[in-house]
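A closer look at the structure
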Amino acid sequence: MDHELKQITVAEFLYKEKQLWGFENPARALYQTIREYVENALDATDLYGILPNVTVIIEQDEKDKSICTVTVEDNGIGIPPQKIAEALGKPLVTSKFKIRQSRGQFGLGAKAVTVYALSTTGSPIEAYSSPLDSERVYYVKFSIDLSTNEPAIYALGSWRKSTKWHGTRIRARIRCNWSYARSRILKYFEMLAIVTPYADIVFIEPDGTIHHYPRIVEKMPRPPKEVKPHPASLEKGELQMLLKRTTARTIKEFLISTFQRVGEKSALNVLKLAGIDPSKPPQSLTDEEIERLHKALRSYKFPAPSSEALAPIGAELIEAGLKAILKPEFVVAVTRKPRMHSGGHPFIVEVGIAYGGAIEPREQPLLLRYANRIPLIYDEKADVAWKVLEEFNWKHYGVNFPAPLVVLTHICSTKIPWKVGSKEAVAEREEIKEELHLALQEAARKLRHYLIEKRREEELREKISTFLRYIPEVAQSIATILGEDGVTPDKVQRLLLDTLRRRMKGKELQVFEQQVKNLSKVKIEA
Ligand SMILES: Nc1ncnc2c1ncn2[C@@H]1O[C@H](COP(=O)(O)OP(=O)(O)OP(=O)(O)O)[C@@H](O)[C@H]1O
């Protein structure tokens, strides 16, 4: 039997399996290209405490409308000159293999665009970058050599800067379908503006139409900190790798220096549980000992992981974003406390609700999903947030459909359990599902309270207006019946209103005064 084995490079894999990375057709590929570049632009700014300015331009070829050039510019930290081609042209190279929340996670996004450009138009990518504090701008024109998995460089250059700009500008020429992708891309920017109200984003369509999402707040969420791994979060393979690489002299020292939440006492307890001598060198552990250590780390009750590596958006910013973009009459947001999923990965769930105002009534709530501040647009029904929303009973919260209701969900974590590499749906994890449900309940309770108040006010308005409708007539009749000098309908009306006023207080009085104003207006006009 012929059993020929062949190994392909990661670049070739990206080339052959485009659909896994969101490049399955020209419309989706255009959207995915924008996403990958914009998310890199935001990671290069807000993760480092820089208020982002991001410009995105799509141009269509004059002769062939199915070819687009996408340009994305940011004011981020830039890429060191000698690393530009590698960062954007060598698969699995990333600065984000850290335990800290970021939009990027795999080290593949920009490379998937490079490969897609190569496979559809054959064009290289052009990148300009000026790192923070650099006097120069660096230019690289590159692609990927599929057979070696290395960047293929076509041109290099650098020059002195004439402005203070720092950041990265990247340009890709790809096969696209602008008219099919347009609505999704616009939705993406709108969703992005909601959770990034501290960014200034400009998007220019091929016909020159400019969409500007201005910065509406100057305050940014605190950038997340890099932390050590939590001992319960590791797979056995990862533990093996760390044991191989460590410079610690004993296994006890290894545990204390490698992980968060492990001190002298817990290290000794875990090693006792695993039956391993604390003075043993880490590299000398047998496979069986590693297995026992892994089990002991998983079962030992360590304190919960630090949430410093997470950067939730915060209720205040979510509310500001929802208000600015959707113009609702009511908005509320909830940020839950940190928890762990899949053993030891910390996560935080946030939920926002916007109701009424400019929101169109729909048969079901409009769901806006986010993970690590990335808007998620495709594969809605495969997402854990969709499941939670589907099972939610809105009747308990006084909402009857059709209703003008938008629900925003945000999951942030040092490790988002993505369903596939294109990062469009979050997999179901019991802990995440539970938190989403609790956050939704908390926000929906506030909506119910608002709706009850609103209904009460409407009833009150109705009651008072019925009252007031008859007052001029009654005043007129009383004045006529009394028929005394000086008892005018006006005087009687004022007397009646004062009597009513004395019996009211709070909201009731407020509504009454509003309606009295209208009443006298009608009279004057008449
Ligand atoms: N605009 C940018 N500014 C600064 N650095 C950038 C920029 N774009 C890319 N990089 C660097 O290039 C690296 C690789 O980017 P790439 O999009 O391939 O992967 P990633 O963002 O790390 O992960 P993912 O595949 O999940 O998106 C990034 O980790 C970052 O270090």
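Note that the coordinates shown come from a computational prediction; the quantities given were computed from them, not determined experimentally.

Turning our attention to the packing of aromatic side chains. Scanning all chains against the criterion turns up 14 aromatic pairs. When the ring of Phe392 is compared with that of Trp394, the centres are 4.8 Å apart and the planes differ by 65°; the resulting orientation is edge-to-face. We note that Phe392, like Trp394, is buried. These aromatic residues form a ring-pair network of at least three members: Tyr31, Trp178, Tyr188, Phe189, Phe203, Tyr213 and Tyr378. The aromatic ring of Tyr378 is capped on one face by Arg184, whose charged end is 4.2 Å from the ring centroid.

Neighbouring the ligand are 22 residues; Thr94, Ser95, Gln105, Leu108 and Lys423 lie closest to it. In this structure, an oxygen atom belonging to the ligand sits 2.8 Å away from a side-chain N or O atom of Lys96. At a separation of 2.7 Å, an oxygen atom of the ligand approaches a polar backbone atom of Phe106. Summarising the interface, the protein chains cover 93% of the accessible area of the ligand, which totals 600 Å² for the free molecule.

Below, the discussion takes up the pattern of salt bridges. Within the structure shown, the criterion is met by 34 salt bridges. Lys96 is the salt-bridge partner of Asp43, the closest N and O atoms lying 3.0 Å from each other. With a gap of 53 residues between them, Asp43 in helix H2 (residues 26-43) and Lys96 in the loop between helix H3 (84-89) and helix H4 (109-120) connect regions that are remote in the sequence. As far as the burial class goes, Asp43 and Lys96 line up, both buried. If you follow the salt bridges from partner to partner, you end up with Asp43, Asp46, Lys96, Arg103 and Arg373 in one network.

Our next topic: the UniProt feature "coiled-coil region" (unreviewed entry) in the protein chain. Following the UniProt record, one finds the feature "coiled-coil region" (unreviewed entry) at residues 422-460. In the segment residues 422-460, helix accounts for 79% and strand for 0%; the C-alpha atoms at its two ends are 52 Å apart.

We now examine the environment of Val70. As for its position among the elements, Val70 is in strand E2 (residues 67-73). Sequence separation between Val70 and Glu59 is 11 residues; the distance between their C-alpha atoms is 6.6 Å. Setting aside residues up to four positions removed in sequence, Val70 forms contacts with Leu30, Thr33, Ile34, Ile57, Ile170, Arg171, Ala172 and Ile174.

The next subject is empty space enclosed by the protein. Within the structure shown, the criterion is met by three cavities of 30 Å³ or more. Estimated volume of the largest cavity: approximately 50 Å³. When the residues that make up the lining of the largest cavity are grouped by side-chain class, the tally is one nonpolar, three polar and four charged.

Sequence positions flagged by UniProt for "domain: Histidine kinase/HSP90-like ATPase" (unreviewed entry) are, in local numbering, residues 25-150. Across residues 25-150, the secondary structure splits into 29% helix and 25% strand, with the terminal C-alpha atoms separated by 25 Å.

Moving on, we come to the pairing of strand E5 (residues 150-160). Note that strand E4 (residues 136-145) and E5 share 10 bridges and pair antiparallel. Bridge pairing links Arg136 to Arg160 in E5. Here E4 folds back onto E5, and the loop between the two strands holds four residues, one of which, Asn149, carries a positive phi near 70°.

Calculation notes
Residues numbered from 1 in each chain as written. Predicted model: local features only at pLDDT ≥ 70, side-chain atom pairs only at ≥ 80, totals over all residues. Heavy atoms only, no water. Phe/Tyr/Trp six-rings, centres within 6.5 Å; stacked < 30°, edge-to-face > 60°. Buried < 20%, exposed > 50% of the residue type's maximum accessible area, 1.4 Å probe, protein only. Lys NZ or Arg CZ within 6 Å of the ring centre and 35° of its normal. Near = heavy atom within 4 Å. Polar contact = N/O pair within 3.5 Å; in protein donor to acceptor, adjacent residues only side chain to side chain. Areas by Shrake-Rupley, 256 points an atom, 1.4 Å probe, with all protein chains shown as cover. Salt bridge = Lys/Arg side-chain N within 4 Å of Asp/Glu carboxyl O. Helix = DSSP H or I, 4+ residues; strand = E, 2+ residues; numbered from the N terminus. UniProt positions renumbered as here; feature names shortened; annotations may be inferred. Contact = heavy atoms within 4.5 Å. 1 Å grid on protein atoms, 1.4 Å probe; cavity = no way out; pocket = protein on both sides within 12 Å on 5 of 7 lines; lining within 4 Å. Points joined across faces, edges and corners; volume = space filled by probe spheres on them. Nonpolar A, V, L, I, M, F, W, Y, C, P; charged D, E, K, R; others polar. Pairing = 2+ DSSP bridges.

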